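What the coordinates show
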Amino acid sequence: MTETTRRTFLQQTSLASAAATVGIGCSTIPPAKRLAKRGPVIISTWGFGKPANELALRTLQDGGSALDAVEQGIRLVEVSGNSSVGLSGKPNAAGVTQLDACIMNGPGHQAGSVAGVEGVAHPISAARLVMEKTPHVMLVGRGAGWFAKEEGLKVLDTAKDEASYKAWLAAQKKSSPGNGDKPDNHDTVTLIVLDTNGDLAGGCSTSGWSGKIPGRVGDSPIIGSGLYVDNEVGGAGATGLGENVMRYCASYQVVENMRLGMSPTEACAEAIRRIARTDPAGMDLAINFIAINKQGEFGAAGTQVNFPYSVTTPDFSEVRKGQALGLAIQKEGGNE
Ligand code: GLY
């Protein structure tokens, strides 16, 4: 641990202790202003979130809002050539890439999302425009694409990319014979910002389940499933198999767990344990969560062993491992 990292850790720890002293129940959350003037903290899913976090941090340092930081960070991933985010994402069963995204702003509890959009280079920006320019929360399919174009976003012709689809299908069959319809790469970017005023914003963006039935929508654009931000408590977001997240409003669960006083890591882990107690698949769920609370504590947990997530502050930027639940729980033969 470097000196600056250690200092940040100690700052966070003492802030957390102070918060614990006053209690983190729903009626005792310290107001944002009492927590103000700490450095910002940005978390995101996977290692590829790290450059997105760093751009988000620069956006804040240049005077942008938490919402601007979320949008800029995710836009970077959307054009990075990622195979499950943006137009470079894997296509659906008809050979067309359909994208989902959502965004939330803590102050005012605002939300916007788009689902099943085709040809939209930056679905996160389309989600923000839905939030800011319409009375709605969610637009889907052709309507969402039309809206994005009307608002001046780049929307490409979505003619089926036959060549890359065939190459992808061939690779799928080679790597997992008989399982061409299973998701092979499912790495949503979910990014959450806590700014120096103690305000939160978050977003996520994905091409979802590769080879999905056209029109399938995952957890990512569903508020409370792929993402949830409550400016009094914290924010949480998901990556993994959306079907196993959206049936449980899982990100909402994580935030509510933090409201009850759990640490971000424990809040993620408890949501997974609760889902696994109900779900016929048990811990075989392929779901991972990140979370950050109002005090700037952060954490992650997943059924995937060593689920990586990225954390960035003005003092450090690194990829960490979330708490791994799947194998440990299965070995113990039960759900805790
Ligand atoms: N988590 C992304 C999806 O399942 O679509």
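Another point: the overall build of the protein. What the protein contains, in helices and strands, is 10 helices and 13 strands. Counting over 336 residues, the protein shows a buried share of 55%. Taking the contacts inside the protein whose residues are at least 6 apart along the sequence as the reference set, 65% of them involve residues at least 24 apart. For the protein, the exposed surface amounts to about 13700 Å²; the carbon and sulfur share of it is 54%.

Bringing the packing of aromatic side chains into the picture now. The description of an aromatic ring pair uses the distance of the two centres, along with the angle that the planes make with each other. Per the stated rule, a full pass over the model turns up two aromatic pairs. Consider the rings of Trp-46 and Phe-307, whose centres lie 5.1 Å apart with planes at 90°: the pair is edge-to-face. With Trp-46 in the loop between β1 (41-45) and α2 (49-61) and Phe-307 in the loop between β10 (298-302) and β11 (308-312), this residue pair connects regions lying 261 residues apart in the sequence. Here Trp-46 falls in the buried class, since its relative accessible area comes to 9%. Exposure remark for Phe-307: the relative accessible area of 0% places this residue in the buried category.

Scanning the model with the defined rule gives zero disulfides in all. Cys-204 supplies the cysteine sulfur nearest to Cys-102, a cysteine that is in no disulfide, at a spacing of 3.7 Å. Overall, Cys-102 belongs to the buried group, its relative accessible area being 0%.

On to unusual backbone geometry. Most peptide bonds are trans, and most residues other than glycine sit at a negative phi. Of note in the backbone geometry, Ala-286 takes a positive phi value of approximately 55° without being a glycine. The topology assignment puts Ala-286 in the loop between α9 (264-278) and β9 (287-293).

Attention now goes to a nonpolar patch on the surface. A contiguous nonpolar patch, built from Val-137, Met-138 and Val-140 and spanning about 230 Å² of accessible area, is present on the exposed surface. If you trace the backbone, Val-137 turns up in the loop between α4 (123-133) and β4 (138-140).

Another aspect to go through is the confidence of the model for the protein. For the protein, per-residue confidence averages 85 on the pLDDT scale, and residues scoring 70 or more make up 78% of the total. Long-range and interchain partners of residues 1-36, a stretch whose pLDDT sits below 50, account for 37 contacts in this model, where long-range means more than four residues apart. Across residues 328-336, where pLDDT falls below 50, the model places 10 contacts with residues more than four positions away in sequence or in other chains.

With that out of the way, let us pick up the environment of Glu-151. The residue Glu-151 is located in the loop between α5 (141-150) and α6 (162-175) in this model. A C-alpha to C-alpha distance of 10.0 Å links Glu-151 and Ser-125, two positions 26 residues apart in sequence. Here Glu-151 is in contact with Leu-129 and Lys-133, once residues within four sequence places are set aside. A polar side-chain atom of Glu-151 sits 3.4 Å from a polar atom in the side chain of Lys-133.

Under the 1.5 Å per step criterion, the end-to-end length of helix α3 (residues 66-78) is 18 Å for 13 residues, consistent within 8% with the ideal 18 Å. Buried residues along α3 sit in contact with α2, β2 (98-105), α4, β5 (189-194) and β6 (200-206).

On to the pairing of β9, then. Among the seven residues that make up β9, seven are buried, leaving the element largely enclosed by the rest of the structure. Of the two faces of β9, the one lined by Ile-287, Phe-289, Ala-291 and Asn-293 and the one lined by Asn-288, Ile-290 and Ile-292 are each fully buried. Relative to β9, strand β8 (residues 234-240) is paired through seven bridges, and the arrangement is antiparallel. By the bridge assignment for β9, Thr-239 is matched with Asn-288. With five bridges connecting them, β9 and β10 associate as antiparallel partners. Bridged to Ile-292 within β10 is Phe-298. Hairpin connection between β9 and β10: a loop of four residues separates the two successive antiparallel strands, and Gly-296 in this loop has a positive phi of roughly 90°.

Pairing within the open sheet is mixed, and its eight strands lie in the order β4-β3-β2-β6-β5-β1-β11-β12. A strand with exactly one partner marks an edge of an open sheet, and here the two such strands are β4 and β12 (317-321). Between one strand and the next, the sheet's axes are offset by a mean angle of 10°, whatever the strand orientation. Two elements, β2 and strand β3 (residues 110-118), share seven bridges in a ladder whose sense is antiparallel. Across the sheet, the residue bridging to Ala-101 is Val-114, located in β3. Sheet contacts for α2: β1, β5, β11 and β12; angle to β1, the most-contacted strand, approximately 150°.

Right, let's get into the pattern of salt bridges. This structure, assessed with the given rule, holds 13 salt bridges. Asp-230 is the partner of Arg-259 in a salt bridge, and the nearest nitrogen-oxygen pair spans 2.5 Å. A residue pair is termed long-range when its members are at least 10 positions apart, and Arg-259 in helix α8 (residues 250-259) and Asp-230 in strand β7 (residues 227-230) qualify at 29 residues. Overall, Asp-230 belongs to the buried group, its relative accessible area being 11%. By sharing partners, the salt bridges in this structure join Asp-68, Glu-71, Arg-128 and Glu-132 into a single network.

Analysis parameters
- Residues numbered from 1 in each chain as written.
- Predicted model: local features only at pLDDT ≥ 70, side-chain atom pairs only at ≥ 80, totals over all residues.
- Heavy atoms only, no water.
- Helix = DSSP H or I, 4+ residues; strand = E, 2+ residues; numbered from the N terminus.
- Buried < 20%, exposed > 50% of the residue type's maximum accessible area, 1.4 Å probe, protein only.
- Contact = heavy atoms within 4.5 Å.
- Areas by Shrake-Rupley, 256 points an atom, 1.4 Å probe, with all protein chains shown as cover.
- Phe/Tyr/Trp six-rings, centres within 6.5 Å; stacked < 30°, edge-to-face > 60°.
- Disulfide = S-S within 2.5 Å.
- Patch = residues over 30% accessible without salt bridge, like charges linked within 9 Å, V, L, I, M, F, W, Y side chains within 5 Å.
- Salt bridge = Lys/Arg side-chain N within 4 Å of Asp/Glu carboxyl O.
- pLDDT = per-residue confidence, 0-100.
- Polar contact = N/O pair within 3.5 Å; in protein donor to acceptor, adjacent residues only side chain to side chain.
- Expected span 1.5 Å × (residues − 1).
- Pairing = 2+ DSSP bridges.
- Axes fitted to C-alpha atoms, helices over the stretch in contact; angles between N-to-C directions.

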